[in-house]
Amino acid sequence: MAGNAMRITQVAPSDSGGGAQRVALDLHHEYIRRGLDASHIVGRCIHPDSGCIELDNDAYRGPLTRLVVRRLPPPEDGLRLTMRQAGRSLIEPGRALAHALGWDDYDYPATRRIPSLVSPGPDVLHLHNLHGGFFDLRALPALSRRYCTVVTLHDTWLLSGHCAYSLDCDSWLTGCGNCPHPKVPAQMINDGSAHNWRRKRDIYRRCRLHVVGCSQWVLDLAQRSILAPAIVSATVINNGIDQDAFRPGAKSMAREALGIPSNVRVVAFAANGLENPFKDFATLLQALAGAANALLPQPVLLLAIGAHAAVPGIDPRLVRVVPFMEDTRELAVHLRASDLFVLATRADNFPLTVLEAQSCGVPALVTDVGGVPETIDDGVTGRLYPPGDVTTLARAIAEMLADPARLEEMGRAAIARARPRFSVPRMADDYLALYEHARAEFASRSA
């Protein structure tokens, strides 16, 4: 196979966390399993055994910064993190001022050294999420001229003046400014969105990129955005998941393992942080109360998976809060114990949680927003509903839980659709085919 001679370098914010990080790491492990020459560079390496190379930006800063940073306390808790941020602000006043103005921080000098971290340099440089405080976007033009560069859009941050998702705002088409959502991730102290948008536009004009959308929705947005002049090719490659971990299994065994009685109707929700403003956990809680009343005397339980901290005001009889878990097999047990998976998100691209639930045989009730509708077959493997609509969501949860036979039918259809379509090997095949095409285009451009 031609791919065996290909050197692939992926870049991502971390080896731990949300969907983008998981996709990049799964791809890396699949490439290694196939014997490919693959490396994975991350802004922060949480697990030393993950096989990743960490970008040490501080190592390339000035001598005073290097000296002080070594003496600052590690960010283990809120106080130490505040002390660390205050210390950095004193020695890096320019970055502190930019942050106060709401400007994107591109001061990450290790970015330009990415190719030198692997020897010889990559044939394909594959970039995943570039926000998260580790990557200098100003280096993108030079990197894309020197290397065949693929960029995967896991959200819409590259297209806008600050936000990962623009919700109901379309100012990203014309220049941002007067941002209606300055506090959504990545949040700003002050509105610097117009400045950020112009900087990105000017950077992209000098780039040549092979752009991948995890969904057709996000790719369509990219082709209308400031990123469009940089796009050499545009391809949809759906996310894949570990089908060995997320597989069908006996619901009774999963419930026994979790201590859930067989007579309870179980709804699952999962996110990297229940406080994530895009996931709209609050709407789900309101709707769940209404659905539970409609189903009385049948008991209902919500498995709220993904908490990073205590969640106040939760009725433990109705909601079991589960900490965020990176162990995919443990997550799969929680999904297999469920009758229905609900995603109440206000904005999303191609969420892994929906794929994981369906691969375990759990139908999904999801919002009709962004790329989410592309993850299910509406009416066959799950259902769609309008985001933020508490009444409709409550009614849909109650209707679906009240019809176990229909849920089982939808679960079987979900397995049949999701398992062949949303696997890591299929995703890797699609990317390797794109890499070959992109390399050929790059070679013709460089000739």
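Criteria and thresholds
Residues numbered from 1 in each chain as written. Predicted model: local features only at pLDDT ≥ 70, side-chain atom pairs only at ≥ 80, totals over all residues. Heavy atoms only, no water. Buried < 20%, exposed > 50% of the residue type's maximum accessible area, 1.4 Å probe, protein only. Helix = DSSP H or I, 4+ residues; strand = E, 2+ residues; numbered from the N terminus. Contact = heavy atoms within 4.5 Å. 1 Å grid on protein atoms, 1.4 Å probe; cavity = no way out; pocket = protein on both sides within 12 Å on 5 of 7 lines; lining within 4 Å. Points joined across faces, edges and corners; volume = space filled by probe spheres on them. Nonpolar A, V, L, I, M, F, W, Y, C, P; charged D, E, K, R; others polar. Core = buried A, V, L, I, M, F, W, Y, C linked by side-chain atoms within 4.5 Å. Pairing = 2+ DSSP bridges. Axes fitted to C-alpha atoms, helices over the stretch in contact; angles between N-to-C directions. Salt bridge = Lys/Arg side-chain N within 4 Å of Asp/Glu carboxyl O. Lys, Arg positive; Asp, Glu negative; His and termini not counted. Polar contact = N/O pair within 3.5 Å; in protein donor to acceptor, adjacent residues only side chain to side chain. Phe/Tyr/Trp six-rings, centres within 6.5 Å; stacked < 30°, edge-to-face > 60°.

Asks: Lay out helix 11 (residues 352-359) with the relevant residues and their values.
Replies: Within helix 11, eight of the eight residues are buried, which leaves it mostly tucked inside the rest of the structure. Taken residue by residue, helix 11 has Leu352, Thr353, Val354, Leu355, Glu356, Ala357, Gln358 and Ser359 as its buried positions. Buried residues in helix 11 make contact with helix 1 (19-33), strand 8 (265-270), helix 10 (328-336), strand 11 (340-343), strand 12 (364-367) and helix 13 (404-421). Within two residues after helix 11, Gly361 carries a phi angle of roughly 90°, on the positive side.

Asks: How would you explain the layout of surface pockets if you had to name every residue and give the values?
Replies: Counted as a void, the second largest pocket has a volume near 320 Å³. Lining the second largest pocket we find 17 residues, and of these Lys251, Ser338, Gly361, Leu407 and Glu408 sit closest to its centre. The biggest single contributor to the lining of the second largest pocket is helix 13, with six residues. Class assignment of the residues belonging to the lining of the second largest pocket gives a composition of seven nonpolar, four polar and six charged.

Asks: Before we move on, can you summarise the nonpolar core with the specific residues and values?
Replies: Tyr31, Phe246, Ile260, Leu335, Phe341, Tyr431 and Tyr435 are the most contacted members of the largest nonpolar core, which has 57 residues in total. In terms of residue count, helix 14 (residues 424-446) provides more of this core than any other element does, nine residues in total. Ignoring any residue separated from it by four or fewer positions in sequence, one finds Ile260 in contact with Arg255, Val266, Leu301, Leu303, Arg320 and Ala337. Counting 36 residues, the second largest nonpolar core, distinct from the first, contains Leu55, Leu125, Ile203 and Tyr204.

Asks: So, unusual backbone geometry: which residues are in play, and what are the values?
Replies: Residues Pro185 and Ala186 are joined by a peptide bond in cis, for which omega reads -5°. The peptide bond linking Leu296 to Pro297 adopts the cis configuration, its omega dihedral lying at 5°. Relative to the elements of secondary structure, Pro297 occurs in the loop between helix 9 (281-295) and strand 9 (300-307). Of note, the phi angle at Leu167 is positive, near 55°, even though the residue is not glycine. Note on placement: Leu167 falls in the loop between strand 5 (148-153) and helix 6 (193-204). Non-glycine residue Asp280 carries a positive phi angle of around 55°. Mapped onto the secondary structure, Asp280 falls in the loop between strand 8 and helix 9.

Asks: Could you give an account of the sheet that holds strand 11, naming the residues involved and the relevant values?
Replies: Here we have six strands laid out as an open sheet, ordered 10-9-8-11-12-13, and parallel in their pairing. Each edge of the sheet is formed by a strand with only one pairing partner; in this case those strands are strand 10 (319-323) and strand 13 (382-385). Sheet twist, expressed as the average angle between the axes of neighbouring strands with direction ignored, equals 20°. When strand 9 meets strand 10, the two strands line up parallel, connected through five bridges. Note that in strand 10 the partner of Leu303 across the bridge is Arg320. Helix 9 contacts strand 8, strand 9, strand 10 and strand 11 of the sheet and is inclined by roughly 165° relative to strand 9.

Asks: How would you summarise the environment of Gly371 if you had to cite specific residues and measurements?
Replies: With respect to the element layout, Gly371 can be found in the loop between strand 12 and strand 13. Using a relative accessible area of 0% as the deciding quantity, one classes Gly371 as buried. Along the backbone, Gly371 and Arg70 are 301 residues apart, and their C-alpha atoms lie at a distance of 43 Å. Gly371 has contacts with Ser215, Trp217, Asp348, Asn349 and Phe350, leaving out every residue within four places of it along the chain.

Asks: Describe the pattern of salt bridges, naming the residues involved and giving the relevant values.
Replies: Under the definition given, this model contains 25 salt bridges. Residue Arg34 pairs with Asp429 through a salt bridge whose shortest N-O separation is 2.7 Å. In this pair, Arg34 sits in the loop between helix 1 and strand 2 (37-44) while Asp429 sits in helix 14, placing the two residues 395 residues apart along the sequence. Residue Arg34 is classed as partly exposed on the basis of its relative accessible area, which comes to 24%. Residue Asp429 is classed as partly exposed on the basis of its relative accessible area of 42%.

Asks: Any details on the side chain of Asp155? Residues and values, ideally.
Replies: Residue position: Asp155 is located in the loop between strand 5 and helix 6. Of the buried charged residues, Asp155 lacks a salt bridge, with Lys200 as the closest side chain of opposite charge at 8.2 Å. A distance of 2.7 Å separates the side chain of Asp155 from the side chain of His131, its partner in a polar contact. At a separation of 3.1 Å, a polar atom in the side chain of Asp155 contacts the main-chain amide nitrogen of Trp157. For Asp155, the contacting residues outside a window of four places in its chain are Asn129, His131, Ala164, Tyr165, Val218 and Asn349.

Asks: Could you give an account of the packing of aromatic side chains, with specific residues and numbers?
Replies: On inspection of all chains with the given rule, the structure shows seven aromatic pairs. Where Tyr165 meets Phe278, the ring centres are 5.3 Å apart and the plane angle is 85°; that geometry is what we call edge-to-face. Highlighted residues: Tyr165 in the loop between strand 5 and helix 6 and Phe278 in the loop between strand 8 and helix 9, separated in sequence by 113 residues. Comparing Tyr165 with Phe278, the two get one shared label, buried. Ring geometry for Phe269 versus Phe281: centroids 5.3 Å apart, planes at 35°, classification tilted. Here Phe269, found in strand 8, pairs with Phe281, found in helix 9; they are twelve residues apart in sequence, far enough to count as distant. The buried category is assigned to Phe281, whose relative accessible area is 6%. Members of the aromatic cluster, joined through ring pairs, are Tyr31, Tyr431 and Tyr435.

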